Amino acid sequence: MKKITTFTFLFVSFFAMAQQETIDQKVNALLKKMTIEEKIGQLNQYTGDNSATGPITINPNKQAEIKAGLIGSMLNIIGTKYTRQYQELAMQSRLKIPLLFGQDVIHGYKTTFPIPLAEAASWDLKTIELAARVAATEASASGIHWTFAPMVDIGRDPRWGRVMEGAGEDTYLGSKIAYARVKGFQGNKLGDLNSVMACVKHFAAYGAAVGGRDYNSVDMSERMLLETYLPPFKAALDAGAATFMNSFNDLNGIPATGNAHLQRDILKGKWNFQGFVVSDWGSIGEMVAHGYSKDLKEAAYAAITAGSDMDMESNAYRYNLAELVKEGRVSIDLIDDAVKRILRKKYELGLFDDPYRYSDEKRAEKELNNPENRKAALEAAEKSIVLLKNENQTLPLSKNLKTIAFIGPMVKEYKANMGFWSVELPEVNYDKWVVSQWDGLQNKVGKNTKLLYAKGCEVDGDNKDGFAEAVAAAKQADVVILSIGERRDMSGEAKSRSDLHLPGVQEDLVKAIQATGKPVIVLVNAGRPLIFNWTADNVPAILYTWWLGTEAGNAIANVLFGDYNPSGKLPMTFPREVGQIPIYYNHYSTGRPAKDEDSKNYVSAYIDLKNSPKFPFGYGLSYTKFDYSNLKLSSASMKNNETIKVSFQLSNVGKAAGEEVVQLYLKDKFGSVVRPVLELRDFQKIKLNAGESKTIEFTIDKEKLSFYNNKLEWTAEPGDFEVMIGASSADIKLKSDFKFN
Ligand code: BGC
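The name an unreviewed UniProt entry gives the protein is Periplasmic beta-glucosidase, with Flavobacterium reichenbachii as the organism. Listed in UniProt under the heading Subcellular location (unreviewed entry), the comment for the protein reads: "Periplasm". Quoted verbatim from the Catalytic activity (unreviewed entry) field of the UniProt record, the comment on the protein reads "Hydrolysis of terminal, non-reducing beta-D-glucosyl residues with release of beta-D-glucose."

If you want it as structure tokens, here you go:
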């Protein structure tokens, strides 16, 4: 058996190498035929007119330029009909080099999945991979070759609107999710009809914008960059990511787009990345506004020399690279390298064999929004919901309730459930195929349950005229469900907020409803951690429902009635107040740590607020209870090549089947540099029936103990460690010391 496996492996590797060789030969042969204008054309990407995802640039010559072979890629061309039409233009060019179609397929194509931050709350890598797989299958059938995802930026600042697009604050969890998403998008291999190229973004450190303000500067130590911000990119690359996108921000004074340290030294150097790098929308041109480049020509120079291969929407390469080559400032080898990287992908995708192979009306009809995809979206949505509070077993609801009042500005919304960065398909009537929360509840309850509705108020604004009607509905009901939160255009790109409290008068509405004395369940819909202290302190039950996609209503109803037992855990820390931001669980140890929440005197604390968050990283409840016991370490010490097995017993001691995310944290007690108070280093999601117990095992190896030491070398240092098993970063159930020597 082993022999066969080795043989198969060798055969497959040989085949892959041979294939790569022929692709390289083809690329080189084609390159020889190309004029310099045609080469530069390949490095040039424009947006289509269907939708714009950045400041619009009008280019009336687009079609003529495609025919002249001066454009290598388009984004925002939606649907089989249009991708085919544009490809037909490229086929009229001299060398018939096919166009690449890119699109932000961030959390689904037509079947919309939960926003990425919500999906991260599932801590369920299979579910996350499947979501990307479904998105790739639908997008590829519609002619898309390339998704601008996953976004793997670490998000430690919820003021930054784009935290909704990533996997939250943690490097370990973020790396696992980055890997899963790339695998999902790219499937078995590029060239399969249902695979799209992934584009890992935004390289790098974009999420650490000063003040959480989008596009703002980033100033960070090399250690922080290497240890916290880069590993998810590396994980995505290890999963085979075909492309990278650089970012808008400057990093320590150098715009990422013109940053040779990031793109040449690290990505294409140390990491040996063989794919290509696309700029972000207009980010080459923006180096002029940054005050880094004198004009567009200098910006083109900075970007190409730093390693940006494709120019999205700046027109910088198109009009300046030829001259830079002529002047001898940019070598033709540099251009050839960028062109080859792009052409290789076009060959790998099979576009030279058949440029229309992905624009398939029949396949699109079969794949888009089919029942299997809807099922995957429903399961992902259920798993993304986080139960934040459940006093007096308010949830799950009984199916025999006589009257339920469903109140709030989100209840009858359709599109709102899709969240930011969902693909807007022009022909779709969203009311028909997104399951609203109202429809979801109606599908769930029987004939004997009466549903009452009142809007109460808008998401923002100060109008309380609807309160009286809402209170009247609440008074007639056995329970009240209140659906509040952010509008879908409040988190996302360019959606930074300085105030994270529930917008408008929504928390006043909660107070008015709570005053009726009825049991109240609050659903918070949002793209980021919001602040809702009064609600959290006073209302008995809260579900964080994010934006869950096309199956939102059904998923929420299943959780409300216990047909799915919530299992989500927060992938980001929820602050008490904006003043605590940036707040994250794995902060460094200080020299004056506060012993507890009340110690204030000359310790690292706020005099007007607790240090702890409102809800910690890794936190989430279930309708059942889990008990952790019997921690065992296979040894109290380990050497370089050794491992320690950590085991414990997890028991479901409640009455319902459920899933628990068990989290392994480590603390390096002292080192050549200051270390975090604790760090997530492993996790598992375990399903147990009521009354069931299971022995859970983790392995600690040297890699898990490693960090960047005082010489910025990745290594583990001899010393004392603590291993902690937690239900969250702040709820450590079991712990033990061990030594590494
Ligand atoms: C965003 C990218 C996105 C691109 C294309 C930019 O504004 O930052 O994440 O992929 O637009 O839509």
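Resuming the write-up.
A.B. asks: Account for the sheet that holds strand β9 (residues 276–278), naming residues and giving values.
C.D. replies: Strands sit in the order β5-β6-β9 across an open sheet of three strands; the sheet is parallel. Only two strands of the sheet have a single partner each, and these edge strands are β5 (199–203) and β9. Here the average twist between neighbouring strands, direction ignored, is 30°. Of the strand pairs in this sheet, β5 and strand β6 (residues 243–246) are connected by three bridges, and their pairing is parallel.

A.B. asks: Just give me the short version of the domain arrangement of the protein, but keep the residues and values in it.
C.D. replies: Per the domain assignment, the segments of the protein are domain 1 (2–55 + 63–363), domain 2 (377–580) and domain 3 (626–740). The C-alpha centroid of domain 3 is placed 35 Å from the C-alpha centroid of domain 2. Each partner contributes residues to the interface: domain 2 has five residues there, and domain 3 has nine residues. Of the roughly 500 Å² buried at the junction of domain 2 and domain 3 (both faces included), carbon and sulfur atoms supply 37%.

A.B. asks: Just give me the short version of the UniProt feature "domain: Fibronectin type III-like" (unreviewed entry) in the protein, but keep the residues and values in it.
C.D. replies: The sites that carry the UniProt feature "domain: Fibronectin type III-like" (unreviewed entry) are, in the present numbering, residues 660–729. Secondary structure across residues 660–729 divides into 6% helix and 59% strand, with the first and last C-alpha atoms of the span separated by 14 Å.

A.B. asks: Describe the packing of aromatic side chains, listing the residues and the values that go with them.
C.D. replies: Counting across every chain of the model gives 31 aromatic pairs. Summarising the aromatic geometry, the rings of Tyr-206 and Phe-248 are spaced 6.0 Å apart at their centres and angled 65° between planes, so their arrangement reads as edge-to-face. You can see Tyr-206 sitting in the loop between β5 and α8 (222–229) and its partner Phe-248 sitting in the loop between β6 and β7 (250–251), a full 42 residues away along the chain. With respect to class, Tyr-206 is no different from Phe-248; both count as buried. Residues Tyr-544 and Phe-574 carry aromatic rings whose centres are separated by 4.8 Å and whose planes lie at 80° to one another, so their mutual orientation is edge-to-face. Placement of Tyr-544 in strand β16 (residues 541–544) and of Phe-574 in the loop between α22 (552–560) and β17 (626–633) is noted, with a sequence separation of 30 residues between them. Take Tyr-544 and Phe-574: they sit in the same class, and that class is buried. Taken together through their ring pairs, the aromatic side chains of Trp-123, Tyr-172, Tyr-585, Phe-617, Tyr-665 and Phe-683 make up a single cluster. Over the ring of Tyr-584 we find Arg-156; its NZ or CZ atom is 3.5 Å from the centre of that ring.

Scoring rules and cut-offs
Residues numbered from 1 in each chain as written. Predicted model: local features only at pLDDT ≥ 70, side-chain atom pairs only at ≥ 80, totals over all residues. Heavy atoms only, no water. UniProt positions renumbered as here; feature names shortened; annotations may be inferred. Pairing = 2+ DSSP bridges. Helix = DSSP H or I, 4+ residues; strand = E, 2+ residues; numbered from the N terminus. Axes fitted to C-alpha atoms, helices over the stretch in contact; angles between N-to-C directions. Domains from an automatic or database assignment. Contact = heavy atoms within 4.5 Å. Buried area = accessible area lost by both parts, 1.4 Å probe. Phe/Tyr/Trp six-rings, centres within 6.5 Å; stacked < 30°, edge-to-face > 60°. Buried < 20%, exposed > 50% of the residue type's maximum accessible area, 1.4 Å probe, protein only. Lys NZ or Arg CZ within 6 Å of the ring centre and 35° of its normal.

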